[in-house]
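Chain and residue survey
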Amino acid sequence: MSTDPTRPHRGTIFLDDEAEVLGQQAFPGGQYIIRIRSPRCAAAAVPGSFAHITCDPALPMRRPLSIMRADAAGGVIEILYKVHGEGLALLATRRAGERLSVLGPIGNGFSAHAQRPHAVLIGGGVGIPPLVFLAESLAQQRAARPAGTMARDASRAIAFFGSELPFPFAVRPSTLMVPGIPAGVIACHPGIERLDVPCRLASFGGFAGCYEGYVTDLAAHYLAALEPAALSRVEIFACGPTVMLEAVARLARRFSLPAQVSLEEFMACAVGGCAGCAVAVETPSGTAMKRVCVDGPVFEAQSVFNRS
């Protein structure tokens with residue numbers, strides 16, 4: 001398949017009608033992590049991209065789901081989803097060895113900038129997966145730099161995750177210190193901290209070690225504790241419900257920080273044809289309608305939430 005420069009997504013999205021389900025893991029609250037063998041999708045996926053999946057032969061309409069991990073060498077993608085509606089309920093019944101159709105990867109992902117090497121990751125609910133992918137990608141990039149180099153020493157990520165459901169991973173006390181965090185807030189995602197990326201969790205669910213409140217307020221505690229020089233190296237990356245992303249935009253304005261947000265929208269085709277997922281985005285030429293599927297899902301926060 002050749003690439004047409006006038007259609008930048010042509011040749012970058014792959015269809016695998018025989019993708020193999022390798023297994024699913026169930027978590028409380030109707031949450032699942034599914035592992036799928038889809039080599040071309042896995043090889044091309046980037047943090048923030050998603051796959052459009054046929055959940056069951058009985059339901060032809062696909063569902064867009066964020067990619068949480070992509071193992072290019074093994075040809076495997078992992079997706080975290082929460083059952084909501086008929087399609088995802090059917091997906092939850094799929095078993096290892098079964099086949100499904102995967103269209104992906106789709107969309108423009110997060111773009112880390114060298115001048116802002118300290119990434120603050122904020123994920124809410126099923127918006128957590130692309131931030132897991134981003135944390136792993138940034139950790140790999142950091143590890144590839146020679147020890148003691150300025151670029152490696154300056155680059156660091158920190159993750160803040162929020163959920164009203166039990167988290168879809170085994171929560172553990174953090175072993176990495178984080179300035180500005182309220183006493184007793186020590187719960188973390190252990191897989192993230194194994195990357196040497198500090199992590200803290202927020203919830204109104206009363207879970208031990210979690211911040212009792214919004215994840216954006218937890219992130220604000222951290223940002224408020226940074227010195228101006230440290231703050232000047234920060235960029236925010238976020239994915240979650242719209243109300244959370246609006247709060248992220250306000251948080252970024254409060255601290256004069258750039259922020260990228262990955263939007264969650266209902267989609268039909270997911271490849272730019274139907275424009276059913278279009279949102280208003282501020283551009284240098286004025287307000288324009290952009291398709292979340294192929295123009296996003298990642299946008300600069302203030303271009304979408306400049307009035308919130």
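Scroll up a little and you will see the structure.
Just so you know, these numbers come straight off a predicted model, no measurement behind them.

What counts, and where the lines are drawn
- Residues numbered from 1 in each chain as written.
- Predicted model: local features only at pLDDT ≥ 70, side-chain atom pairs only at ≥ 80, totals over all residues.
- Heavy atoms only, no water.
- Helix = DSSP H or I, 4+ residues; strand = E, 2+ residues; numbered from the N terminus.
- Rg over C-alpha atoms; globule rule 2.2 N^0.38 Å.
- Buried < 20%, exposed > 50% of the residue type's maximum accessible area, 1.4 Å probe, protein only.
- Contact = heavy atoms within 4.5 Å.
- Areas by Shrake-Rupley, 256 points an atom, 1.4 Å probe, with all protein chains shown as cover.
- Lys, Arg positive; Asp, Glu negative; His and termini not counted.
- Charge placed at Lys NZ, Arg CZ, Asp CG, Glu CD.
- Axes fitted to C-alpha atoms, helices over the stretch in contact; angles between N-to-C directions.
- Parallel < 35°, antiparallel > 145°, perpendicular 65-115°, else oblique.
- Left-handed = near helix turned anticlockwise from the far one by under 90°.
- Nonpolar A, V, L, I, M, F, W, Y, C, P; charged D, E, K, R; others polar.
- Pairing = 2+ DSSP bridges.
- Phe/Tyr/Trp six-rings, centres within 6.5 Å; stacked < 30°, edge-to-face > 60°.

Brief notes about the overall build of the protein
- Within the protein one finds nine helices and 18 strands.
- Computed over C-alpha atoms, the radius of gyration of the protein comes to 19 Å, within 12% of the 19 Å expected from 2.2 N^0.38 for 308 residues, which places it in the range of a compact globule.
- With respect to the principal axes defined by its C-alpha atoms, the protein has extents near 55 × 45 × 40 Å.
- Across the 308 residues in the protein, those meeting the buried criterion constitute 50%.
- Here the contacts in the protein between residues at least 6 apart in sequence split such that 65% fall between residues at least 24 apart.
- Of the roughly 13,800 Å² that the protein leaves accessible, carbon and sulfur atoms contribute 56%.
- Averaging the coordinates of the 27 positive side-chain charges in the protein and doing the same for the 25 negative ones gives two points 3 Å apart.

Examining the packing of helix α6 (residues 215-224) against helix α8 (residues 242-254)
- Two numbers describe how α6 lies on α8: the axes approach to 10 Å, and their chain directions differ by 15°. As far as their axial angle goes, α8 and α6 are roughly parallel. In the crossing of α6 with α8, the sense of the turn from one axis to the other is right-handed. On the side of α6, the interface is formed by Val215, Thr216, Ala219, Ala220 and Leu223, while α8 contributes Met244, Ala247, Val248, Leu251 and Arg254.
- Within the contact of α6 with α8, the residues separate by chemical class into eight nonpolar, one polar and one charged.

A look at the sheet that holds strand β3 (residues 50-53)
- Pairing in this open sheet of seven strands is antiparallel, and the strands run β4-β3-β7-β1-β2-β6-β5 from one edge to the other. Taken across any chain shown, the strands that pair with only one partner, and hence form the sheet edges, are β4 (63-66) and β5 (69-71). Shown here is a sheet whose adjacent strand axes are inclined to one another by a mean of 35°, direction ignored.
- Bridging between β3 and β4 involves four bridges; their strand directions are antiparallel. What sits directly across from Phe50, in β4, is Ser66.
- The sheet strands contacting helix α3 (residues 129-144) are β4, β5 and β6 (76-82), and the helix crosses β5 at an angle near 50°.

Focus on the packing of aromatic side chains
- Taken as a whole and judged by the stated rule, the model has six aromatic pairs.
- Considering the side-chain rings of Tyr32 and Tyr81, the 5.6 Å spacing of their centres and the 15° angle between planes classify their relative orientation as stacked. One end of the pair, Tyr32, is in strand β2 (residues 31-37); the other, Tyr81, is in strand β6, with 49 residues separating them in the sequence. No difference in accessibility class separates Tyr32 from Tyr81, as the two residues are buried.
- Their ring planes at 75° and their centres at 4.9 Å tell us that Phe204 and Tyr214 sit as a pair that is edge-to-face. In this pair, Phe204 sits in the loop between β12 (199-203) and β13 (211-212) while Tyr214 sits in the loop between β13 and α6, placing the two residues ten residues apart along the sequence.

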